Amino acid sequence: MNKPSNLEQKVKDLFQESLELTDGQPELSDFHTILKQSYDRLCQPMRVAIVGVIKAGKSTLINALIGEEIVATGRVEATFNINWLKYATKPHLKVHFKTGKPPETKSFEELAALTLRPEEHQEYLLSIKYIEVFYPHDLLKIFNIIDTPGLKSSYKIDSETTKDFLRLHGKEITQITQREASSADAVLYLFSRPPSAADQKVVEQFQGPMLGDTTPLNAIGVLTQVDRYWATQTPDPIALGNKLSHKWAEHPAIRQRLYTIYPVCGLLAAGAQTLTEKQFMALNELAKLPEERLEKLLRNVKRFGREHNDIIVPGVERTELVNQLGQYGVWLACKYIRAGCHEQKLLVQDLIKHTGIEQLRHLLLSHFGHRAFLIKLGTALKKISVAYFQSRHLLEDKPLAILENIAGKFDTLKSKEHAFQELDVLKNYYSQKLNFDDQEQQQLLEVTGEYGTSLGERLGLNARATVVEMQPLARERVNYWKRRANNRMVSDRATLAAAKVLARSYERIWYRVQKAQEYLSI
Amino acid sequence: MANYQKHKETVLNLFRPAISFAQKLQQPKLKAKLEEAQNRLVEGKLLVVVCGETKQGKSEFLNAFLNEPSLFPVDVDITTNLVSTITYGDKEKISVLLGEPGNTQSKSIGRNAISTFVTEQKNKSNHENAQLLVIEAPNPQLRDGLVFVDTPGTGSLNTAHTAITSAFIPNADVILFVTDVFSPLTTEELKFLEERIVPHCQNLIFVVTKIDAVDDEDLIIESNRKKLLTLLNRAPENIPIIPVSSLNKLAYLSSKDSEDLVDSNFETLEQGLWQLLSRQRGQILLLRALGEIGNVISSLRRPVQVEWTTYQENTQAELDSLEQELQNNQKKLKNLLKNNASWNAELHDGLTDIRDDVLGTFQDGFNNIRRQSEVYMNDADLLDSPEQIVGLLEADIDSLISKVERILGEQSATLYANLEDSSGLDLSRTRLENLTLGKNTFVADMYTFETSSVLNRTFTVARNSAFNGATGATVGGLMGGAIGGAIGGMASFFVGGAGALPGAYIGAGIGGLLGNITGIVNGRKEGLRQIKERSKLEVYKQIKPFLEDSHSSCQRSLKRIIKNLERSMRDDLNSQINQEKDTCDRTLQSLKEARNRSHSEALKRSKQVEVLLKEFNQVQRQIEYLAQEILEDDTISSGDWSDEQT
């Protein structure tokens with residue numbers, strides 16, 4: 001879980017204070033409402049939208065992120081509605097309709113039954129606008145997941161249901177997806193196959209109006225189903241996944257749109273977190289088999305599930321196990337057990353380490369979570385500012401004083417928070433409005449915190465950089481960027497403005513490094 | 001072992017007695033004809049084209065089929081982008097064809113260098129300008145004449161290699177369409193099948209790979225089958241979808257564990273493949289060979305037959321009349337060989353009619369395409385990505401051409417048959433046969449070979465196949481069309497022995513035509529991608545010249561194809577007539593000589609000739625029997641495919 005930063009705490013305190021001040025002041029009731037709405041939005045869990053072609057492993061990834069099997073996975077695709085996963089104390093569904101019919105509450109089982117036989121319930125299914133899925137998992141208090149039906153171009157390709165539906169609704173589906181993607185705080189784009197750099201389809205997917213305004217500010221690529229590489233390519237699928245993702249992320253079309261690409265062994269991640277005790281026992285039995293024998297069995301899923309005289313675990317259970325963890329997962333688990341891991345909890349931890357899911361979760365929550373807060377805050381501040389200007393003419397005396405006080409505090413927050421200006425620079429950079437050379441671009445990304453918010457990371461070193469290492473670098477950067485900000489001959493206004501912000505960023509870092517130095521020398 | 005291999009051996013064995021007949025009877029020309037036919041069967045190629053998206057295990061699949069774990073590069077971050085062909089060769093030889101179409105050179109490379117040319121990673125955007133990878137390997141899987149052609153993915157068909165791919169598909173004997181167990185058949189793949197494959201070749205086997213990773217491949221198989229039902233318009237039992245595991249097959253190579261082999265399900269695939277090949281191309285190759293043997297034996301036999309007849313109890317008057325008839329025939333055949341023989345004009349007129357018909361059909365079809373282009377240009381969605389319009393038009397043209405090709409093939413075959421009739425060629429044959437049989441029948445063993453219905457079917461199949469563009473073609477010829485004829489020596493191993501049949505020109509020509517169209521298309525697609533404004537006017541500025549270029553290119557090609565066809569039909573008919581005349585001459589000669597023999601000589605000769613005739617009978621009977629068997633292979637029960645699947 002992430003701890004609220006200083007800024008976040010300051011903001012929350014300020015809002016609470018302002019709400020108290022404006023509560024019960026009838027002339028300020030509108031202003032109060034706006035404050036409340038903004039605050040609510042700020043406190044809402046982060047919205048994470050998941051987009052991908054069919055069969056890219058979306059459902060598995062969602063289950064892996066949450067750590068529980070919430071969404072049903074299957075070999076043939078199921079629904080084409082939006083699912084919005086939220087927190088509630090009891091699991092249930094709320095179905096929202098396109099027609100304006102009031103939302104219906106349903107149980108999981110009821111909806112599963114409907115989607116099992118889509119032809120029979122076509123009319124009902126087609127009238128669904130989206131479904132709110134409520135589930136009692138703590139992570140959902142921190143982020144919500146919006147599971148989109150995908151993109152028309154890729155969606156057209158392999159639905160079980162009638163072509164007509166797609167012809168009629170394909171565009172609508174795309175619009176829905178685009179809308180959700182553009183209002184989400186983070187968007188995960190899932191790929192199940194690494195395309196080559198020349199793969200036209202992928203490149204086309206990232207150009208043009210199809211994906212709306214996603215930028216690396218809030219979009220991440222996820223390479224899913226990496227577990228599959230184990231059988232044919234490597235004993236360490238995630239390592240291979242990383243190698244591929246790096247290569248892939250270098251493609252210019254992708255660099256423009258995605259922050260980075262993360263590989264994930266979705267199946268293993270979901271399966272490990274939902275492993276039952278019985279399954280753990282079965283793994284222990286299987287670990288007793290000679291390695292070669294186990295590997296040979298794992299070479300074919302059906303073979304693995306066949307009855308053999310010398311294997312105690314019944315075939316049916318073995319099939320269930322391999323569908324739970326994947327071939328790689330079973331192999332890895334047995335390897336750990338053989339090496340001495342005897343506790344289920346520890347085994348799960350070991351397995352998870354090889355799936356990339358924790359890195360992804362961390363990235364979502366810390367990096368994008370914080371960014372999301374900033375972005376929402378920026379929107380809120382704008383709204384508050386507008387409301388202030390609109391209201392002040394109509395007020396006098398005490399209410400006016402209160403308004404001025406609150407507006408002033410928010411204004412100070414905005415101007416003092418250098419983070420906003422850094423965010424703007426980043427936005428402009430991703431929109432390709434700035435003219436920096438490669439090295440400058442790299443430093444821009446570093447100092448605005450794209451690679452980490454520690455001092456060291458902002459300087460392009462790692463998080464454990466020492467003061468000795470950071471000092472000269474920080475000074476060098478300050479000098480460089482101050483000069484850059486004054487070099488009117490070379491650059492346009494936007495670039496110069498950005499350079500000025502970056503110079504200030506480096507100044508602040510320099511200041512903190514100095515402080516750290518002083519502290520150490522005492 | 002599948003039927004093709006079995007029958008091929010038997011047919012090849014039949015060449016031996018036939019050749020020794022020709023030797024004994026001192027007929028070097030006929031002997032050469034037999035040897036040529038034998039060679040054609042030995043060298044006979046069965047073309048298997050492998051289609052499917054890369055990344056779905058196509059390269060692994062090929063490696064597994066060929067039992068070559070490291071032939072094609074299979075790393076997960078690799079895309080193969082080059083058409084590759086593999087045939088049998090006594091020594092491993094790998095060459096890559098480089099350069100622009102029309103100006104290509106072949107370069108010999110080692111196995112390790114394959115990825116340098118074949119992968120996108122090492123040969124970015126094909127800067128090496130590679131057109132084709134040609135592999136010869138002493139691989140037992142290929143020994144019976146299999147030629148594999150691996151084409152790059154359907155999705156990334158906007159590569160320059162489409163020209164070559166288009167050239168191969170119409171000439172494929174079987175197409176293996178490969179997908180994997182994780183990806184249901186996409187609309188794009190179905191579209192590709194509908195537009196590019198089905199119009200040309202209906203012999204399809206769908207291969208679903210990577211079944212080692214799942215336990216429920218049946219789900220996706222059935223899902224695919226449903227989608228294919230509407231497309232292929234066949235009963236579900238007649239859509240072969242075979243699941244395999246390349247991984248397990250390759251593991252079997254080192255483990256030798258039968259469980260790996262069984263789990264790979266490759267044997268089912270091979271059986272299915274050979275079954276299909278045997279039934280179609282295999283049958284044609286065999287029947288053609290058999291037909292040749294029968295033909296030559298006929299020619300060899302007739303003089304002998306007549307000699308025997310002479311030695312029987314015939315009056316002088318009867319023999320005089322026989323001699324007169326033969327002389328009449330001889331004269332007739334001589335006339336047929338003259339330039340002003342009426343069949344020449346009939347051939348020319350017939351082909352002129354066909355030409356008019358074909359060009360008319362083409363024109364009508366193309367007018368429709370022009371109208372259709374309007375419809376496309378009025379579609380807002382398409383205007384947004386106008387290169388799609390050209391793609392659609394290309395598919396439309398493709399369909400039209402395949403329709404034209406069919407008409408051309410059918411009408412040519414009919415014309416040919418009619419010419420045989422009207423020229424009296426057919427008649428001469430049967431009449432000669434009847435004459436030589438004479439009144440006396442060789443009771444138990446006499447054999448009405450020529451008029452046997454089975455053999456007629458054989459000849460019909462062989463002849464029609466000659467005009468069916470697909471099977472008449474030699475791949476070398478079509479490659480010449482597609483790549484501009486520069487491959488020279490490389491074509492040799494594609495050609496199923498020397499001697500293209502008349503219909504080969506159709507196949508080769510059409511292949512080349514389609515290749516040209518693809519070239520035009522690619523050029524325009526690029527142009528359309530570059531236009532700034534997506535308005536109908538701008539798009540039209542590109543589409544109009546595209547249609548004009550395609551139209552004139554097609555017309556030119558069609559005219560050329562028909563012209564070559566006329567030439568080759570004339571040559572072929574002349575050659576047949578020549579052979580008949582030769583036989584007639586020899587028969588007449590034989591009769592005259594026999595009549596001049598002394599009584600004692602005649603007696604001696606008669607016995608010798610009888611023995612020879614008995615031998616002829618035996619071989620001819622074997623031919624008929626074999627032909628019957630091969631023809632009957634055509635009927636496969638519908639339960640076959642479902643039975644084969646595990």
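Residues numbered from 1 in each chain as written. Chains lettered and ligands numbered in written order. Predicted model: local features only at pLDDT ≥ 70, side-chain atom pairs only at ≥ 80, totals over all residues. Heavy atoms only, no water.

1. Some details on the overall build of chain A
Thinking step 1. In terms of regular secondary structure, chain A is built from 25 helices and nine strands.
Thinking step 2. Counting every position in chain A, which comprises 522 residues, the buried fraction comes to 52%.
Thinking step 3. Here the analysis covers contacts within chain A between residues at least 6 apart in sequence; of these, 73% occur between residues at least 24 apart.
Thinking step 4. A total of about 25,700 Å² of accessible surface is found on chain A, and carbon and sulfur atoms cover 51% of it. (Helix = DSSP H or I, 4+ residues; strand = E, 2+ residues; numbered from the N terminus. Buried < 20%, exposed > 50% of the residue type's maximum accessible area, 1.4 Å probe, protein only. Contact = heavy atoms within 4.5 Å. Areas by Shrake-Rupley, 256 points an atom, 1.4 Å probe, with all protein chains shown as cover.)

2. Comments concerning the overall build of chain B
Thinking step 1. Helix and strand counts for chain B stand at 22 helices and nine strands.
Thinking step 2. Out of the 646 residues in chain B, the part that is buried amounts to 58%.
Thinking step 3. Here the analysis covers contacts within chain B between residues at least 6 apart in sequence; of these, 83% occur between residues at least 24 apart.
Thinking step 4. Looking at chain B as shown, the accessible area adds up to about 26,000 Å², and 48% of this sits on carbon and sulfur atoms.

3. Overview of the packing of helix 19 (residues 357–391) of chain A against helix 20 (residues 397–416) of chain A
Residues and elements named next belong to chain A.
Thinking step 1. In contact at an axis separation of 10 Å, helix 19 and helix 20 are set at 145 degrees when each is read in the N-to-C sense. Crossing handedness for the pair helix 19 and helix 20: left-handed. Only Leu-403, Glu-404, Ala-407, Phe-410, Leu-413 and Lys-414 of helix 20 make contact with helix 19, whose side of the interface consists of Leu-377, Leu-381, Ile-384, Tyr-388 and Ser-391.
Thinking step 2. For the contact of helix 19 with helix 20, a count of residues per class yields eight nonpolar, one polar and two charged. (Axes fitted to C-alpha atoms, helices over the stretch in contact; angles between N-to-C directions. Left-handed = near helix turned anticlockwise from the far one by under 90°. Nonpolar A, V, L, I, M, F, W, Y, C, P; charged D, E, K, R; others polar.)

4. A short note on the environment of B:Leu250
Residue and element names in this part refer to chain B.
Thinking step 1. Examined against the element boundaries, Leu-250 turns out to sit in helix 8 (residues 246–255).
Thinking step 2. When the C-alpha atoms of Leu-250 and Phe-61 are compared, they prove to be 9.4 Å apart, with 189 residues separating the residues in sequence.
Thinking step 3. If near-sequence neighbours (up to four positions away) are discounted, Leu-250 is found in contact with Glu-60, Asn-63, Ala-64 and Pro-69.

5. Things to note about the nonpolar core
Thinking step 1. In this structure, A:Leu61, A:Leu65, A:Leu188, A:Leu283, A:Val330 and A:Leu444 are the most contacted members of the largest nonpolar core, which totals 121 residues.
Thinking step 2. In this structure, B:Leu41, B:Leu62, B:Ile242 and B:Leu626 belong to the second largest nonpolar core, which totals 71 residues. (Core = buried A, V, L, I, M, F, W, Y, C linked by side-chain atoms within 4.5 Å.)

6. Regarding the side chain of B:Lys581
Thinking step 1. Relative to the elements of secondary structure, B:Lys581 occurs in helix 20 (residues 536–595).
Thinking step 2. Ignoring sequence-local partners within four residues, the contact set of B:Lys581 consists of B:Leu333, B:Lys334 and B:Leu337.

7. Examining helix 13 (residues 266–273) of chain A
For an α-helix, 3.6 residues make a turn, and residues three or four places apart therefore share a direction.
Residue and element names in this part refer to chain A.
Thinking step 1. Most of helix 13 sits inside the fold, with six of its eight residues counted as buried.
Thinking step 2. By the burial criterion, the buried members of helix 13 are Gly-266, Leu-268, Ala-269, Ala-270, Gly-271 and Ala-272.
Thinking step 3. Tucked inside the fold, the buried residues of helix 13 contact helix 3 (58–66), helix 17 (315–338), helix 18 (344–353) and helix 19.

8. What to know about the environment of B:Ile562
Residues and elements named next belong to chain B.
Thinking step 1. Its location among the elements puts Ile-562 in helix 20.
Thinking step 2. Remark: the alpha-carbon pair of Ile-562 and Arg-355, spanning 207 residues in sequence, is separated by 6.7 Å.
Thinking step 3. Apart from the residues lying within four places of it in its own chain, the contact partners of Ile-562 are Leu-351, Arg-355, Val-358 and Leu-408.

9. Let's talk about helix 18 of chain A
Thinking step 1. Among the residues of helix 18 of chain A, those classed as buried are A:Leu347, A:Val348, A:Asp350, A:Leu351 and A:Ile352.
Thinking step 2. Taken together, the buried residues of helix 18 of chain A touch helix 13, helix 14 (277–287), helix 17 and helix 19 of chain A.

10. Concerning the pattern of salt bridges
Thinking step 1. On inspection of all chains with the given rule, the structure shows 49 salt bridges over all chains.
Thinking step 2. One network of salt bridges, in which partners are shared, links A:Lys296, A:Arg299, A:Arg303, A:Arg306, B:Asp257, B:Glu259, B:Asp260 and B:Asp263. (Salt bridge = Lys/Arg side-chain N within 4 Å of Asp/Glu carboxyl O.)

11. Notes on the packing of aromatic side chains
Thinking step 1. One pass over the full model with this rule turns up 17 aromatic pairs over all chains.
Thinking step 2. With 5.3 Å between their ring centres and 25 degrees between their planes, A:Phe15 and A:Tyr39 make a pair best called stacked. Residue A:Phe15 is located in helix 1 (residues 6–22), and its partner A:Tyr39 is located in helix 2 (residues 29–43); the two are separated by 24 residues in the primary sequence. No difference in accessibility class separates A:Phe15 from A:Tyr39, as the two residues are buried.
Thinking step 3. Aromatic rings pair up to connect B:Phe61, B:Phe65, B:Phe148 and B:Phe266 into one cluster. (Phe/Tyr/Trp six-rings, centres within 6.5 Å; stacked < 30°, edge-to-face > 60°.)

12. Structural notes on the environment of A:Leu61
Residue and element names in this part refer to chain A.
Thinking step 1. Among the structural elements, Leu-61 can be located in helix 3.
Thinking step 2. C-alpha separation for the pair Leu-61 and Ala-269, spaced 208 residues apart in sequence, amounts to 8.1 Å.
Thinking step 3. Other than its neighbours up to four places away in sequence, Leu-61 contacts Ile-50, Leu-188, Leu-190, Val-222, Val-264, Ile-357 and Leu-360.

13. Let's talk about the confidence of the model for chain B
All names here are of chain B.
Thinking step 1. On average, residues of chain B score 78 in pLDDT, and 79% of them are at 70 or above.
Thinking step 2. Counting contacts from residues 156–161, a segment whose pLDDT is below 50, to residues more than four positions away or on other chains yields 14 contacts.
Thinking step 3. Here residues 438–448 is modelled with pLDDT under 50, and outside its nearest four sequence neighbours on either side it reaches 18 contacts, counting other chains as well.
Thinking step 4. Both scores are available for the predicted complex, with the pTM at 0.78 and the ipTM at 0.75. (pLDDT = per-residue confidence, 0-100.)

14. Concerning the pairing of strand 5 (residues 128–135) of chain A
All names here are of chain A.
Thinking step 1. Along strand 5, six of the eight residues are buried, which leaves the element largely enclosed by surrounding structure.
Thinking step 2. As paired elements, strand 3 (residues 92–97) and strand 5 share six bridges and run antiparallel to each other. Among the inter-strand pairings, Leu-93 is bridged to a residue of strand 5, identified as Val-133. (Pairing = 2+ DSSP bridges.)

15. A closer look at the packing of helix 1 of chain A against helix 2 of chain A
Geometry of a packed helix pair, given as the angle between the helix axes and the separation of the axes.
All names here are of chain A.
Thinking step 1. Direction vectors running N to C along helix 1 and helix 2 enclose 155 degrees, while the axes themselves pass 10 Å from each other. Judged by the angle between their axes, helix 1 and helix 2 are roughly antiparallel. Helix 2 is crossed by helix 1, and the crossing has left-handed handedness. Facing helix 1, whose interface residues are Val-11, Lys-12, Phe-15, Gln-16, Ser-18, Leu-19 and Thr-22, helix 2 presents Phe-31, His-32, Leu-35, Lys-36, Ser-38, Tyr-39, Leu-42 and Cys-43.
Thinking step 2. Among the residues making up the contact of helix 1 with helix 2, the classes are represented as eight nonpolar, five polar and two charged. (Parallel < 35°, antiparallel > 145°, perpendicular 65-115°, else oblique.)

16. Quick word on a negative patch on the surface
Residue and element names in this part refer to chain B.
Thinking step 1. A surface patch of like charges, here negative, comprises Glu-346, Asp-349, Asp-353, Asp-356 and Asp-357.
Thinking step 2. Note on placement: Asp-349 falls in helix 12 (residues 342–377).
Thinking step 3. On the basis of relative accessibility, which here comes to 45%, the residue Asp-349 falls in the partly exposed class. (Patch = residues over 30% accessible without salt bridge, like charges linked within 9 Å, V, L, I, M, F, W, Y side chains within 5 Å. Lys, Arg positive; Asp, Glu negative; His and termini not counted. Charge placed at Lys NZ, Arg CZ, Asp CG, Glu CD.)

17. What about the side chain of B:Ser183?
Thinking step 1. Mapped onto the elements, B:Ser183 comes out in the loop between strand 7 (174–180) and helix 6 (187–197).
Thinking step 2. At a separation of 3.0 Å, a polar atom in the side chain of B:Ser183 contacts the side chain of B:Asp180.
Thinking step 3. Ignoring sequence-local partners within four residues, the contact set of B:Ser183 consists of A:Arg193, B:Gln56 and B:Ile220. (Polar contact = N/O pair within 3.5 Å; in protein donor to acceptor, adjacent residues only side chain to side chain.)

18. Concerning the state of the cysteines
Thinking step 1. Counting across every chain of the model gives zero disulfides over all chains.
Thinking step 2. Residue A:Cys341 stays outside any disulfide, its sulfur separated by 11 Å from that of A:Cys334, the closest cysteine.
Thinking step 3. In this model B:Cys201 remains outside any disulfide bridge; the closest cysteine sulfur is found in B:Cys51, 9.2 Å from its own. (Disulfide = S-S within 2.5 Å.)

19. Side note on the pairing of strand 6 (residues 146–150) of chain B
Residue and element names in this part refer to chain B.
Thinking step 1. The buried fraction of strand 6 is high, at five of five residues.
Thinking step 2. The alternating pattern of strand 6 places Leu-146, Phe-148 and Asp-150 and Val-147 and Val-149 on opposite faces, both of which are buried.
Thinking step 3. Note: strand 2 (residues 84–88) against strand 6, three bridges, orientation antiparallel. Bridging from a neighbouring strand, Thr-85 pairs with Val-149 of strand 6.

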